[in-house]
Amino acid sequence: MDKYSVYVIVVYGVTFVLLLGYLVWLWARLRAVKDETGEVPR
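My aim in this report is to walk through the structure given alongside it, one point at a time.

For the protein, the count of helices and strands is one helix and zero strands. C-alpha atoms of the protein, sized along the principal axes, occupy 55 × 15 × 5 Å. Within the protein, the fraction of its 42 residues that count as buried is 0%. Carbon and sulfur atoms make up 71% of the accessible area of the protein, which totals about 4400 Å². For the protein, the centre of its 5 positive side-chain charges and the centre of its 4 negative side-chain charges are spaced 2 Å apart.

A grouping of M1, V6, I9, V10, V14 and L18 is seen on the molecular surface, where their side chains present a nonpolar patch of about 630 Å² in accessible area. Its place among the elements puts L18 in helix α1 (residues 3-37).

With that settled, consider the environment of W27. Relative to the helices and strands, W27 is located in helix α1. Overall, W27 belongs to the exposed group, its relative accessible area being 52%.

Right, let's talk about α1 for a bit. Under the 1.5 Å per step criterion, the end-to-end length of α1 is 52 Å for 35 residues, consistent within 8% with the ideal 51 Å. Positive backbone phi, approximately 75 degrees, marks G38, located one or two places after α1.

Its place among the elements puts I9 in helix α1. On the accessibility criterion, I9 (52% relative accessible area) is exposed.

Rules used throughout
Residues numbered from 1 in each chain as written. Predicted model: local features only at pLDDT ≥ 70, side-chain atom pairs only at ≥ 80, totals over all residues. Heavy atoms only, no water. Helix = DSSP H or I, 4+ residues; strand = E, 2+ residues; numbered from the N terminus. Buried < 20%, exposed > 50% of the residue type's maximum accessible area, 1.4 Å probe, protein only. Areas by Shrake-Rupley, 256 points an atom, 1.4 Å probe, with all protein chains shown as cover. Lys, Arg positive; Asp, Glu negative; His and termini not counted. Charge placed at Lys NZ, Arg CZ, Asp CG, Glu CD. Patch = residues over 30% accessible without salt bridge, like charges linked within 9 Å, V, L, I, M, F, W, Y side chains within 5 Å. Salt bridge = Lys/Arg side-chain N within 4 Å of Asp/Glu carboxyl O. Expected span 1.5 Å × (residues − 1).

Listed below in structure tokens is the structure:
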């Protein structure tokens, strides 16, 4: 493995973690909004 492949793996890893964190934040926010409106969960 050359040094560039390490950079590529790190960039992919950071991007994946950020995307995952954003999706979790979005899901938690969506649940909070549903709880505020008093929507009955299915």
